[in-house]
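Understanding the architecture of this molecule
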Amino acid sequence: MEITLNDSASVFYTLIDESPMPIALYVGEEMIIKVANKAMLKAWGRNEQVIGMALAEALPELNNQPFP
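Note that the coordinates shown come from a computational prediction; the quantities given were computed from them, not determined experimentally.

Criteria and thresholds
Throughout this description, residue numbers start from 1 for each chain and increase along the sequence as written. Local features are withheld for residues below a pLDDT of 70 in this predicted model, meaning they are given only at 70 or higher, and side-chain atom pairs are given and counted only at 80 or more; totals for whole chains, interfaces and linings count all residues. With hydrogens and water stripped out, all remaining heavy atoms of the structure feed into the side-chain values. Aromatic pairing here means that ring centres of Phe, Tyr or Trp (its six-membered ring) are within 6.5 Å. Orientation follows from the plane angle: under 30 degrees is stacked, over 60 is edge-to-face, and everything else is tilted. Remark: exposure states derive from per-residue accessible area (1.4 Å probe, protein chains only) relative to the maximum for the residue type, with buried under 20%, exposed over 50%, and partly exposed in between. Helix and strand assignments come from DSSP, with helices taken as H or I runs of at least 4 residues and strands as E runs of at least 2, each series counted from the N terminus. Being paired, for any two strands, means DSSP has found at least two bridges between them. The span you would expect from a helix comes to 1.5 Å times its residue count less one. The term polar contact refers here to a pair of N or O atoms within 3.5 Å; inside protein, the definition further demands a hydrogen-donor-capable atom paired with an acceptor-capable atom, and it admits residues adjacent in sequence only when both atoms are side-chain atoms. A contact between two residues is defined here by any heavy atoms of the two lying within 4.5 Å. For our purposes a nonpolar core is just a set of buried Ala, Val, Leu, Ile, Met, Phe, Trp, Tyr and Cys residues, chained together by side-chain atoms within 4.5 Å.

1. As for the packing of aromatic side chains
Tallied over the full model, the rule gives one aromatic pair. With a centroid separation of 5.4 Å and 65 degrees between ring planes, the pair formed by Phe12 and Tyr13 is classed as edge-to-face. Taking the relative accessible area as the measure of exposure, Phe12 reaches 40% and is therefore partly exposed.

This is the structure we're talking about:
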C-alpha cells in the first residue's frame with residue numbers, strides 16, 4: 001500500500017485534532033495559527049476564529065511578555 005503526501009497530512013492533522021494535549025501549529029515569523037486543537041483553544045479561552053490569525057493578534061495579552 002502506497003501512502004501519499006495527502007494521506008500523511010491527513011494523519012498528521014487527525015493526530016493533532018484528537019490529542020487530549022493542547023497542540024497548535026504556527027507558520028512564519030508572525031506565528032500565524034494554522035491549526036489549534038480543542039484542548040489548545042480551551043487553554044487559550046478562545047474559539048476557532050483564531051485560526052488564521054497571528055498569535056499576537058489572537059492573544060494580545062502576550063504582547064508585553066519577554067518571549068512569544
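2. Structural notes on unusual backbone geometry
For residues other than glycine, phi is negative in most cases, and the peptide bonds are mostly trans. In this structure, Met31 is a non-glycine residue whose phi angle is positive, near 55 degrees. Note that Met31 resides in the loop between β1 (24-27) and β2 (32-36).

3. Concerning the pairing of β2
Taken together, the four bridges between β1 and β2 define a ladder with antiparallel strand orientation. Pairing of Leu25 across the sheet is with Val35, part of β2. Where β1 folds back on β2, the antiparallel hairpin that results is connected by four residues, among which Gly28 adopts a positive phi of roughly 80 degrees.

4. Digging into the environment of Glu48
Assignment of secondary structure puts Glu48 in the loop between α2 (38-44) and α3 (55-58). Residue Glu48 is classed as exposed on the basis of its relative accessible area, which comes to 55%. Counting along the chain gives 13 residues from Glu48 to Val35, while the straight-line C-alpha distance between them is 9.2 Å.

5. Details of helix α1 (residues 5-18)
With 14 residues, α1 ought to run about 20 Å at 1.5 Å a step, and its terminal C-alpha atoms sit 20 Å apart, in line with that. You can read the cap of α1 off the contacts: a side-chain oxygen lies 3.1 Å from the backbone nitrogen of Asp7, and it is on Thr4.

6. Side note on the side chain of Ser19
Structurally, the position occupied by Ser19 is in the loop between α1 and β1. Judged by its relative accessible area of 16%, Ser19 falls in the buried class. Side-chain polar atoms of Ser19 contact the backbone nitrogen of Met21, separated by 3.1 Å. Setting aside residues no more than four positions away along its own chain, Ser19 makes contact with Asn37 and Ala39.

7. Observations regarding the nonpolar core
In terms of nonpolar packing, the biggest core is built from ten residues, these being Ala24, Ile33, Ala36, Met40, Leu41, Trp44, Val50, Leu55, Ala58 and Leu59. Of all elements in the fold, only β2, α2 and α3 reach the threshold of two or more residues within this core. Looking at this core, the element that brings in the most residues is α2, giving three residues. Filtering out sequence-adjacent residues up to four positions away, Val50 remains in contact with Ile33, Leu41, Trp44 and Ala58.

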